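One letter stands for each residue in the lines below.
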Amino acid sequence: MNDSQKQDFRGYANREIESLKAEIPRLQALLKPVSPDNAIGRLSRMDNIVNQSVAEAQLSKSRIRLIRLEKALKRLESDEDFGLCVDCGDPIPMARLKAMPETLFCVDCAE
Ligand SMILES: [Zn+2]
């Protein structure tokens, strides 16, 4: 990976990490239990349960992506071969690396 590609990935990963770090506490706030004597009707209570499970799924996705991005950034700085497929040695396309920062394979070898 050349310097401008590194710069590109680093910038992207850092922006993503920033926005995930802002998003995670927002999701955690949504997951705070609502006390039962809160005067909300049965329907809105059910709404609330649905929203909570959506928020819970989103929260775990966000946490996983955050960890993967942080690991990828570390590899970018420490591993000469970052961005190269560990199987065939071809460069992994930037769009693929951004979408799946944990990937070690190019599209062909991943199949
Ligand atoms: Zn490959």
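Residues numbered from 1 in each chain as written. Predicted model: local features only at pLDDT ≥ 70, side-chain atom pairs only at ≥ 80, totals over all residues. Heavy atoms only, no water.

Visitor: An account of the UniProt feature "zinc finger region: dksA C4-type" (unreviewed entry) in the protein is needed here, citing residue identities and associated values.
Guide: Sequence positions flagged by UniProt for "zinc finger region: dksA C4-type" (unreviewed entry) are, in local numbering, residues 85-109. End C-alpha to end C-alpha, residues 85-109 measures 8 Å, and it is 36% helix and 0% strand. (UniProt positions renumbered as here; feature names shortened; annotations may be inferred. Helix = DSSP H or I, 4+ residues; strand = E, 2+ residues; numbered from the N terminus.)

Visitor: So what about the packing of aromatic side chains? Which residues, and what values?
Guide: This model, assessed by the stated rule, comprises one aromatic pair. The interplanar angle of 55° and the centroid separation of 5.3 Å between the aromatic rings of Phe 9 and Phe 82 together place this pair among those described as tilted. You can see Phe 9 sitting in helix H1 (residues 3-30) and its partner Phe 82 sitting in the loop between helix H2 (42-78) and helix H3 (94-99), a full 73 residues away along the chain. For Phe 9, a relative accessible area of 0% puts it in the buried group. (Phe/Tyr/Trp six-rings, centres within 6.5 Å; stacked < 30°, edge-to-face > 60°. Buried < 20%, exposed > 50% of the residue type's maximum accessible area, 1.4 Å probe, protein only.)

Visitor: I'd like a description of the nonpolar core, backed by residues and values.
Guide: Ranked by size, the top nonpolar core spans 18 residues in total, and within it Phe 9 and Phe 82 carry the most contacts. Only H1 and H2 provide two or more residues apiece to this core. Here the element with the most residues in this core is H2; it accounts for seven residues. Beyond its immediate stretch of four places on either side in the chain, Phe 9 contacts Ala 72, Leu 76, Phe 82, Met 94, Leu 97, Lys 98 and Pro 101. (Core = buried A, V, L, I, M, F, W, Y, C linked by side-chain atoms within 4.5 Å. Contact = heavy atoms within 4.5 Å.)

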